[in-house]
Amino acid sequence: MKATLGGGDLKETVKLPDGEDKKEWIAVNTVHFYNAASMIYGTVSEDCLECKASCKIMSAGAKYEYLWQDGVQYKKPTKMSAPEYIDKLLTWAGEQIADPALFPVEPGARFPHGFMKQVKVMYKRMFRVYAHIYHVHFDKIKSLGANGKIHFLRSLYHQML
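Procedures and definitions
Here, residues in each chain are numbered from 1, in the same order as that chain's written sequence. Whole-chain, interface and lining totals are the exception, using all residues; otherwise, since this is a predicted model, local features are given only for residues with pLDDT of at least 70 and side-chain atom pairs are given and counted only at 80 or more. Hydrogens and water are ignored here; the side-chain numbers use all heavy atoms of the structure. Strands here mean DSSP runs of E at least two residues long; helices mean DSSP runs of H or I at least four residues long; both are numbered from the N terminus. Only protein chains enter the calculation, and the probe is 1.4 Å; a residue is then buried if its accessible area is under 20% of its type maximum, exposed if over 50%, and partly exposed in between. Residues count as neighbours in contact if any of their non-hydrogen atoms are within 4.5 Å of one another. Surface accessibility in these figures is a Shrake-Rupley result with a 1.4 Å probe; residues are shielded only by whichever protein chains are displayed. Only buried Ala, Val, Leu, Ile, Met, Phe, Trp, Tyr and Cys residues count toward a nonpolar core, and they belong to the same one when joined by side-chain atoms within 4.5 Å. Structural elements are reduced to axes, namely lines fitted to C-alpha atoms, with helices fitted over the stretch in contact, and the angle between N-to-C directions of any two is expressed from 0 to 180 degrees. If an angle is under 35 degrees, it is roughly parallel; if it is over 145, roughly antiparallel; if it lies from 65 to 115, roughly perpendicular; otherwise it is oblique. Crossings are classed by handedness, with left-handed meaning an anticlockwise turn of the near helix from the far one by less than a right angle and right-handed meaning a clockwise turn. All residues other than Ala, Val, Leu, Ile, Met, Phe, Trp, Tyr, Cys, Pro, Asp, Glu, Lys and Arg, Gly among them, are scored as polar; the first ten of these are nonpolar and the last four charged.

This paragraph deals with the overall build of the chain. The helix and strand inventory of the chain stands at five helices and zero strands. Listed N to C, the secondary structure of the chain is α-α-α-α-α in terms of helices and strands. Every one of the 161 residues in the chain was classed for burial, and the buried ones make up 35%. Long-range pairs, those at least 24 residues apart, make up 65% of the contacts in the chain between residues at least 6 apart in sequence. Split by element, the accessible area of the chain, about 9800 Å² in all, is 55% carbon and sulfur.

This is the structure we're talking about:
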């Protein structure tokens, strides 16, 4: 599949390279996705803080409302504003990535048994940031010009493949 978002074959760029450890490759791409989500949210964070009506709850349109639960400070799903939710999410995800027990940094270290399950939770939650930005702040992304739209869409598409 040829992508029109900046050219190139995106399906090839996200394919597991021959001889590469799958979990290592997923870990690297999880870090990339986290960094991209952080950067893209950074472009709209001021708008999100100022947008009282559509950001007072973390949502992606009228049908999807996201509640925060981390099992530590928030043991039950908790309603909060989009900026609060995203801040907690990015902090939580950053802590997960920085934890060498989950994301080993030593060469040859094994990934823990629950690694894939935890990464799936991270991806699910980070996709919510993209969903919120798309539904509430895409005009801001469009106002950044073609490069802003291309980066947003390419980053999202890259992670979906």
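This paragraph deals with the side chain of H132. Following the sequence through the fold, H132 ends up in helix 4 (residues 115–143). With near-sequence residues (within four places) excluded, H132 lies in contact with C48, S54, C55, M58, S59, A60, A82, I86 and H137.

By size, the foremost hydrophobic cluster in this structure holds 38 residues, and its most contacted members are Y41, Y85, F103 and F115. Elements with a contribution of two residues or more to this core: helix 2 (22–50), helix 3 (82–98) and helix 4.

Running from N to C, helix 2 and helix 3 cross one another at 160°; their axes reach a closest spacing of 11 Å. In terms of their interaxial angle, helix 2 and helix 3 are classed as roughly antiparallel. In the packing of helix 2 onto helix 3, the handedness of the crossing is left-handed. Judged by residue contacts, T30, V31, Y34, S38, Y41, C48 and L49 of helix 2 engage A82, P83, I86, L90, A93, G94 and I97 from helix 3. Grouping the constituent residues of the contact of helix 2 with helix 3 by class yields 11 nonpolar, three polar and no charged.

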